[in-house]
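# Working through the structure, step by step
Chain by chain, the residues run as shown.
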Amino acid sequence: MSTAIAPPLISDAKSTAWRANARWALLIIGAVGFIYCGFEFVQVYRSYARLEGPFVLGTVAYTDQVKAAVTQKLDSSKSLLTGSLVVFGVLWGLILAKKGEGKLVVSDLPEMMLFLFANTSFAVSWYCQSEYVDAVAAVHAQAGLTYVDAKEQEIFDFRDSRIDDYSRWQFNLAFAAVLYTGAALASAHILKESPTGASTPS
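The notes below deal with the structure included here. (Residues numbered from 1 in each chain as written. Predicted model: local features only at pLDDT ≥ 70, side-chain atom pairs only at ≥ 80, totals over all residues. Heavy atoms only, no water.)

## Overview of the pattern of salt bridges
- Applying the stated rule across the entire model yields six salt bridges.
- Linking R162 and D160 is a salt bridge whose minimum nitrogen-to-oxygen distance equals 3.0 Å.
- Through salt bridges that share partners, R23, D108 and E111 make up one connected network. (Salt bridge = Lys/Arg side-chain N within 4 Å of Asp/Glu carboxyl O.)

## Concerning helix 2 (residues 64–97)
- Here helix 2 spans 48 Å end to end across 34 residues, near enough to the 50 Å set by a 1.5 Å rise per residue.
- For helix 2, the set of buried residues is V66, V70, L74, S77, S84, L91 and I95. (Helix = DSSP H or I, 4+ residues; strand = E, 2+ residues; numbered from the N terminus. Expected span 1.5 Å × (residues − 1). Buried < 20%, exposed > 50% of the residue type's maximum accessible area, 1.4 Å probe, protein only.)

## Section: the nonpolar core
- Counting residues in each nonpolar core, the largest one holds 21 residues, and the members touching the most others are V66, V70, I155, I163 and Y166.
- The greatest single-element share of this core, amounting to six residues, is contributed by helix 4 (residues 109–141).
- If you look at the next biggest cluster of nonpolar residues, it comprises eight residues, including A118, A176, Y180 and A183. (Core = buried A, V, L, I, M, F, W, Y, C linked by side-chain atoms within 4.5 Å.)

## Some points on the packing of aromatic side chains
- Summed over all chains, the structure comprises ten aromatic pairs.
- With a centroid separation of 6.3 Å and an interplanar angle of 75°, the aromatic rings of Y127 and Y166 are classed as edge-to-face. Remark: Y166 occurs in helix 5 (residues 161–192) and Y127 occurs in helix 4; sequence separation between them is 39 residues.
- Overall, the relative accessible area of 31% leaves Y127 in the partly exposed class.
- For Y166, a relative accessible area of 0% gives the class buried.
- The rings of F88, W92, F115, F122 and W126 are connected pair by pair, giving a single aromatic cluster. (Phe/Tyr/Trp six-rings, centres within 6.5 Å; stacked < 30°, edge-to-face > 60°.)

## Some points on the environment of Y166
- Counting along the chain gives 31 residues from Y166 to A135, while the straight-line C-alpha distance between them is 9.5 Å.
- With residues near it in sequence (within four places) discarded, Y166 still touches F41, V44, Y45, Y48, Y127, C128, E131 and Y132. (Contact = heavy atoms within 4.5 Å.)

## Some details on the packing of helix 2 against helix 5
- Close contact between helix 2 and helix 5 brings their axes to 11 Å; oriented N to C, the two are set at 20°. Between helix 2 and helix 5, the crossing angle belongs to the class labelled roughly parallel. As for how helix 2 packs across helix 5, the hand of that crossing is left-handed. Across from K73, S77, L80, L81, S84, V87, L91 and L94 in helix 2, the residues of helix 5 making contact are D164, S167, Q170, F171, A174, V178, T181 and L185. (Axes fitted to C-alpha atoms, helices over the stretch in contact; angles between N-to-C directions. Parallel < 35°, antiparallel > 145°, perpendicular 65-115°, else oblique. Left-handed = near helix turned anticlockwise from the far one by under 90°.)

## Things to note about helix 5
- Residue A186 marks the point of greatest curvature in helix 5, where the axis turns by about 30°.
- Of the residues that open helix 5, the one with a side-chain oxygen 2.8 Å from the backbone nitrogen of R162 is D160. (Bend = angle between axes of the 7 residues up to and from the residue. Polar contact = N/O pair within 3.5 Å; in protein donor to acceptor, adjacent residues only side chain to side chain.)

## Details of the layout of surface pockets
- What the largest pocket holds in volume is close to 210 Å³.
- In terms of lining residues, the largest pocket is bounded by L26, I29, G30, G33, C37, L114, N172, F175, A176, L179, Y180 and A183.
- Those elements that place two or more of their residues in the lining of the largest pocket are helix 1 (9–49) and helix 5.
- Broken down by element, the lining of the largest pocket gets its largest block of residues, six residues, from helix 5.
- Here the residues of the lining of the largest pocket are counted per class, giving nine nonpolar, three polar and no charged. (1 Å grid on protein atoms, 1.4 Å probe; cavity = no way out; pocket = protein on both sides within 12 Å on 5 of 7 lines; lining within 4 Å. Points joined across faces, edges and corners; volume = space filled by probe spheres on them. Nonpolar A, V, L, I, M, F, W, Y, C, P; charged D, E, K, R; others polar.)

## Focus on the environment of Y48
- Considering the arrangement of structural elements, one finds Y48 in helix 1.
- The spatial distance from the C-alpha of Y48 to the C-alpha of A135 is 9.7 Å, given a sequence separation of 87 residues.
- When near neighbours in sequence (up to four residues on either side) are disregarded, Y48 contacts E131, A135, R162, I163 and Y166.

Coordinates in, geometry out; function isn't part of it.
In structure tokens, the structure reads:
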């Protein structure tokens, strides 16, 4: 007479513990990155705010090459904005359209915080894009000033770090938002859900 052997419970317990620890590790790494990005963004915001004070931007000659560079910077910024909006739409579309997805992603603290980090990073990235485009547009608009000699035409230096940092952090935060989105979904679907479909405890 054959006897069925039950699967080892110790192995299941170790797997569950590993998954729970991995979820919290993702949250801690995400929180450290989020705090760092927040601190750096505050410095960028304060630096840009000084443009309204006694600090003056340098100027560059408004040549065809400079005009093309300004246009390219603006196009790149808009393309990045479009890409981040697509990822944001896909994320929310998945949550709203798929039954049980919202509960799976935001029911426990690790996934809920990663999801919050992702949405906040998206929002601040869009803010950076708005500020950058406004600043470069203002710089570009100065090219409309008339000069006796067209070769003397100048604009404020759009490469100044107080302006360009907004472009840099638009990219950084959009990239971080995508990473947070991936981490939240991976934590919910791979680490939180066990092979049998049950959720691991937080």
